[in-house]
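Geometric and topological summary
Residue strings, one per chain:
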Amino acid sequence: MKINFYLRLFFTFLLFAISITAISFYFNNKYIILSKIDNDRKILFSQISYKSELINQSLDHMKHSIKYLLENKKLADLSKNDFEDQYILDVKYFNIKNDLEKLKTRDYFIKLHEYKINDNIYYELFSNKYLYVIYKDKKGLLEIKYDVSALFKTDKYVLGIYNIFDKNGLYLFDIGHNIDIDSFNKRTKLKDIIGNISEHILKFDSYASSKIISKKIIIANKFEFLVLSLTNENIYYDYYKMNYDKDIIFLAFIILLISFVLSIIFSNPASSLYKKITNMNDELSNLNQKNEIKLSESLNIINENILMLKTNLNDEITDVSNAICEFTKYTKNELIGQNNLKFLDPKFVDEELDDIWRKIRKSELKTFNLKGINKDGDSFWLKTYVEPIFNDFEEIEGYSYIFDNITEKIKLEELYKNLESKLFQYNFIFNQVHSGIAILNLDGSFIKINEEFSSLFEYTEKQILSDLNFTNLVDEDEKKIQLLLKQMKDIRSIPSIEKIFLDSFGNKIHLEMNLTILPDNKSLVLIVNSLKDKRKQQEINQILENKIKEEVEKSRQKDEIHKLEQIKNAKLTSIGSLAAGITHEINTPLTYIKGSFELMGYDIEDLPDSEIKTRMLEDKVKIEDGLNRIANIVESMREISQKSNETKEVTNIYSTLITVLTMAYNRSKQVAPIYVKDELFQIGDLNKNKYEYFSKVQKQRIEQVWIIIINNALDELVKIDGYENRSLHIEIFNENDEVVVKFADNAGGIPKDILPNIFDPFMSTKEHGGMGVGLNVAKNIVDYQEGSIKAFNRLNGAVFEVRLKMHKEEE
C-alpha cells in the first residue's frame, strides 16, 4: 500500500509539471505571434502614411516643376527628360486641332468638360495603376503618365500584401509577394473579397483585426483610396516555427528533466506526511467519540434549562426543549407538529408577526421580542434569537429559535414609560398654556413656575424661585397679602379678580388672578392672565363674527345665482324645445328647395350659352352657398337643442367645436375673425369630420365649455379698436395620449392679480354684466370629464388650454 501511494504521488507531480509546461508554451506561442502581428500592423500603417505623403509631395513637386519649365519652354515642347521623377513613365502633348481623334480615346477628355479645373491641373486615376496628370493651355493638353503602384512596393520584412481600392470599394490593383492572388485579381469589389465587413471598413479611416488591416489615404487632395492588407496567419506560425523550434525542444527537455527530479524530491516527504496524517486521523476519531459523549451531556443540560424550539419551512414545530415545555405548560406532544404560533398572543400575531416572519425569510432579522400566553392564560415576553438550519446542500430547511424570558424587564419598562409619559404631559401642559402659572407655599415662596409666568413679570425663573415672594409682586400692603395667604385654607379658592402687580422694572401691570389651594393644604396654585390677551380675544371674536356674516352673505349670493341658473336652464330648455321644433319645420321645406334647385341647375346647364346663362350660373353658386349656410345653422341648432345626455360617449372634439362656432358665427363675424387650425372659419359647406380627435366625454357639456370660452374671448376682443386688429386662434391636436384644444386671443391678456384665481367663483374681468361663474362652471365640467383646463398669458393675449383623454380603439 505504501509503494502504491508513493507511485501515485510521483506520477501526479510529474503530470502536473508537464501540464503547466504545455500551457506555458501554448500561451508563449500565442503571445509571440500576436506581438509579431501587432508590430507588422504598426509598420504597415507607418509605411502607408509615409508613401501617401510621398505621392502627394511628388505631385506637388511636379506641379511646381511645370510652372517653372513654362517660363522658358512652351507646353508642347516638354518631355519626360524635363522631369526628375523616376515614377513618371511618359509625357505626351496633344494638339486639340491635330490630335482630336486621339484625345477622344482618352477617358479623361470628356471629364475635362464636366469639371472646373483649378490651376490648369487635372488628375485622373485608372485601374491600370496609373495616374494621369493633365495640364491644359489654349492649344492643347500635356499628358503625364504617373506610376502610382511603384510607390506601394512592400518592404521584405512586412508579412502581407497591399490591395488598392477606390472609395466605393472597387478593386484597382495589388502590390505584394506573399499571397497567391491569381483568383483574387478576377474579383472587382471589396465586398466580394471580405464579405459584409467591407461596409464597416469603408466608414473608418483605419481598421485592424487578426486577418485584415486597412487604412484610407488621399492623393492630390482629391482621390480617396483604401489600402488593404490580408494577413495569412499560417505565415506567422511558420515564422514562429522557423525561429523558435530548436529552442522550444531544448527548453522542453530541460523542464521535463527538472519536473522528474522535483517529483522524486517532493514525493518522499509527502508520503511521510501522509502517514502522519493517517495516525492523526485515528487520534482525532478517538477524541471525537469522547467529545460526542460530552456534547450529549451538554445537550441534556440545554434541553433542561434553555428555552428552545425548531421549525420547518412551513412554520411547523419539529423539536422543543423540556425547558420551554415547562415554561409554557404545554407537553412536547402538544407542541410538535403544531404551528409556531401555538403559544403566542393573538393580538401580537395580528399586528406584528407577519412583518417579523417576512424579515426572517429574507435574513434581515435575527433578534426580536415576542409576546405569548402560556397554557394557563398568563402573558409573558420572550427575547428571541433565530438562526436558519441548513441541509447538506446548503439550503435552508428550517429555523432554530432560542428564547430568553424578559417578562419582568418589559413590565418595568412599560411602567417607566407610563410615568415618563405622564411627567412629559404634565410639563408640556404646564409650559404651553397661555396663562402664567405658579405653585407656591402658604408663606408666599415659589416652588415652580412656567415660562409664561416669568415672561409676564420679566424676571428669570431663577430670580423668582430664589429671591422673590408673592408679596413682592403685588402692589398692595405686604401684611394684607400675608393674611390672605393664611386664610386660604378656609377660603379654598379665589375666582377671577383683577389685581395690580409690579414687574422687574417696578412698572404696574394689570392682571387677572386666580388663587386655589391644593388638596394637600400645603401649597397654592396661582394663575395670572394678561388683560391684553382678553381684549385681543374680544377682537378675534369680532373678526370671526364679521367673517361669518361675510360667508353667510356669499352663501346667500350663491343661492341667488343657483335660482337664476335654474330659471336660465328652464328658459334654455324651452328654447331648446322650440329650436328642435323650428329645425324640424325648416328642414322639410329646405330639403324640398334644395332638391328642386338642384333640378333647376341641370335645366340651366342645358340652356344655350349666353350672358343670361352665365349670370344665372353665378346666381346659382350664391344661392347654393346660402342654402348650405342655412343647412349648417339648422344642423347646429338641432345638435345644441338635443336633450343633454349625461352619459359619456366617444365624441369627435373637432365636430363639437364646429357646432359651437356655427351657433356663435352671427356674433363673431361682427367682432373678430376666428381661425381653426390656421384656417379662417366661415359658414359654408362645412365638414365636421374633416379632422378627427376622439375623446370619451359628455358631448353637450363640452360644447357648453367651448361656448363659455369663446363668448369670454369675444367680450374682450370687442374692446379693441378696429376689426382688423382682433383675432381668435383655435388649435386642436393630439399630444401624450391627450386631445389638446387651445384658444388664443390678442385682447391684452388676463390681469396678473386675478390670473391665479381665474377659475374661482365670482371672479370676473368684466366691468358690467358678468358675475364670474362661467369659467368656474367650465372648470367643473372639464374636471368631471377627467380632463384639465388652465389659463395663461402669451404675447399680447390670453390662452385657455383644455386637455381631454384621447380615446383609443381597442385592438
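Residues numbered from 1 in each chain as written. Predicted model: local features only at pLDDT ≥ 70, side-chain atom pairs only at ≥ 80, totals over all residues. Heavy atoms only, no water.

1. A look at the overall build of the protein chain
Within the protein chain, the secondary structure is distributed over 20 helices and 27 strands. A burial count over the protein chain gives 36% of its 811 residues as buried. Long-range pairs, those at least 24 residues apart, make up 55% of the contacts in the protein chain between residues at least 6 apart in sequence. Of the roughly 51,100 Å² that the protein chain leaves accessible, carbon and sulfur atoms contribute 53%. (Helix = DSSP H or I, 4+ residues; strand = E, 2+ residues; numbered from the N terminus. Buried < 20%, exposed > 50% of the residue type's maximum accessible area, 1.4 Å probe, protein only. Contact = heavy atoms within 4.5 Å. Areas by Shrake-Rupley, 256 points an atom, 1.4 Å probe, with all protein chains shown as cover.)

2. Points about the confidence of the model for the protein chain
Per-residue pLDDT for the protein chain averages 77, and the proportion of residues at 70 or more is 75%. This stretch, residues 177-187, has a pLDDT under 50; its non-local contacts, to residues over four places away or in other chains, come to 21 contacts. (pLDDT = per-residue confidence, 0-100.)

3. Focus: the nonpolar core
Among the nonpolar cores identified, the biggest contains 45 residues, and Trp706, Ile730 and Phe743 are the most heavily contacted of them. Every element with two or more residues in this core is listed here: helix H18 (653-671), strand S21 (674-676), helix H19 (699-717), strand S24 (728-735), strand S25 (738-745), helix H20 (774-784), strand S26 (788-794) and strand S27 (797-805). The element best represented in this core is H19, accounting for nine residues. If we ignore the near neighbours within four places in the chain, the residues touching Phe743 are Leu657, Trp706, Ile709, Ile710, Leu728, His729, Ile730, Ala798, Val799 and Phe800. Leu78, Ile88, Val133 and Val227 belong to the second largest nonpolar core, which has 29 residues in total. (Core = buried A, V, L, I, M, F, W, Y, C linked by side-chain atoms within 4.5 Å.)

4. What to know about the packing of aromatic side chains
Under the criterion given, the structure shown has nine aromatic pairs. When the centroid spacing of 6.4 Å and the interplanar angle of 5 degrees are considered together, the rings of Tyr401 and Phe403 count as stacked. Their ring planes at 75 degrees and their centres at 5.6 Å tell us that Phe457 and Phe501 sit as a pair that is edge-to-face. In this pair, Phe457 sits in helix H11 (residues 451-457) while Phe501 sits in strand S17 (residues 493-502), placing the two residues 44 residues apart along the sequence. Of the two residues, Phe457 and Phe501, both sit in the buried class. We note Lys677 situated over the ring of Tyr691; from NZ or CZ to the ring centre the distance is 5.1 Å. (Phe/Tyr/Trp six-rings, centres within 6.5 Å; stacked < 30°, edge-to-face > 60°. Lys NZ or Arg CZ within 6 Å of the ring centre and 35° of its normal.)

5. Examining the sheet that holds S26
Taken in spatial order, the six strands line up as S22-S21-S24-S25-S27-S26 in an open sheet, and their pairing is mixed. Looking at the sheet topology across the chains shown, the edges are occupied by strand S22 (679-680) and S26. Packing of H19 onto the sheet brings it into contact with S24, S25, S26 and S27, and relative to S25 it is tilted by some 20 degrees. (Pairing = 2+ DSSP bridges. Axes fitted to C-alpha atoms, helices over the stretch in contact; angles between N-to-C directions.)

6. Some details on the sheet that holds strand S14 (residues 396-405)
The strand order across the open sheet formed by five strands is S11-S10-S14-S13-S12, and the pairing between neighbours is antiparallel. At either end of the open sheet lies a strand with only one pairing partner, and these are strand S11 (317-320) and strand S12 (367-373). Pairwise comparison of adjacent strand axes, ignoring direction, gives a mean angle of 30 degrees for this sheet.

7. With respect to the packing of H19 against H20
One can describe the packing of H19 onto H20 by two numbers: an axis separation of 9 Å at closest approach and a directional angle of 150 degrees. One finds that H19 runs roughly antiparallel with respect to H20. In terms of crossing hand, the pair formed by H19 and H20 is left-handed. On H20, the residues that touch Arg701, Ile702, Gln704, Val705, Ile708 and Asn712 of H19 are Gly774, Leu775, Val777, Ala778, Ile781 and Val782. Residues that form the contact of H19 with H20 fall into these classes: eight nonpolar, three polar and one charged. (Parallel < 35°, antiparallel > 145°, perpendicular 65-115°, else oblique. Left-handed = near helix turned anticlockwise from the far one by under 90°. Nonpolar A, V, L, I, M, F, W, Y, C, P; charged D, E, K, R; others polar.)

8. A few points about unusual backbone geometry
In this structure, Asn521 takes a positive phi of about 60 degrees despite not being glycine. Positionally, Asn521 belongs in the loop between strand S18 (508-517) and strand S19 (523-530). Given a relative accessible area of 30%, Asn521 falls into the partly exposed group. Notably, Asp678 is not glycine yet its phi reads approximately 65 degrees, a positive angle. With respect to the element layout, Asp678 can be found in the loop between S21 and S22.

9. With respect to the pattern of salt bridges
Summed over all chains, the structure comprises 17 salt bridges. Here Lys92 makes a salt bridge to Asp90, at a shortest N to O gap of 3.8 Å. For Lys92, a relative accessible area of 35% translates into the label partly exposed. One salt bridge connects Asp737 with Lys808, and the closest N-O pair in it is separated by 2.9 Å. Here Lys808 lies in the segment after S27 and Asp737 lies in the loop between S24 and S25, a separation of 71 residues in the sequence. A residue is classified by how much of its surface remains accessible, and Asp737, at 44% relative accessible area, is partly exposed. (Salt bridge = Lys/Arg side-chain N within 4 Å of Asp/Glu carboxyl O.)

10. Points about the environment of Leu335
Within the fold, Leu335 resides in helix H8 (residues 332-335). Leu335 sits ten residues away from Cys325 along the chain, and the two C-alpha atoms are 8.3 Å apart.

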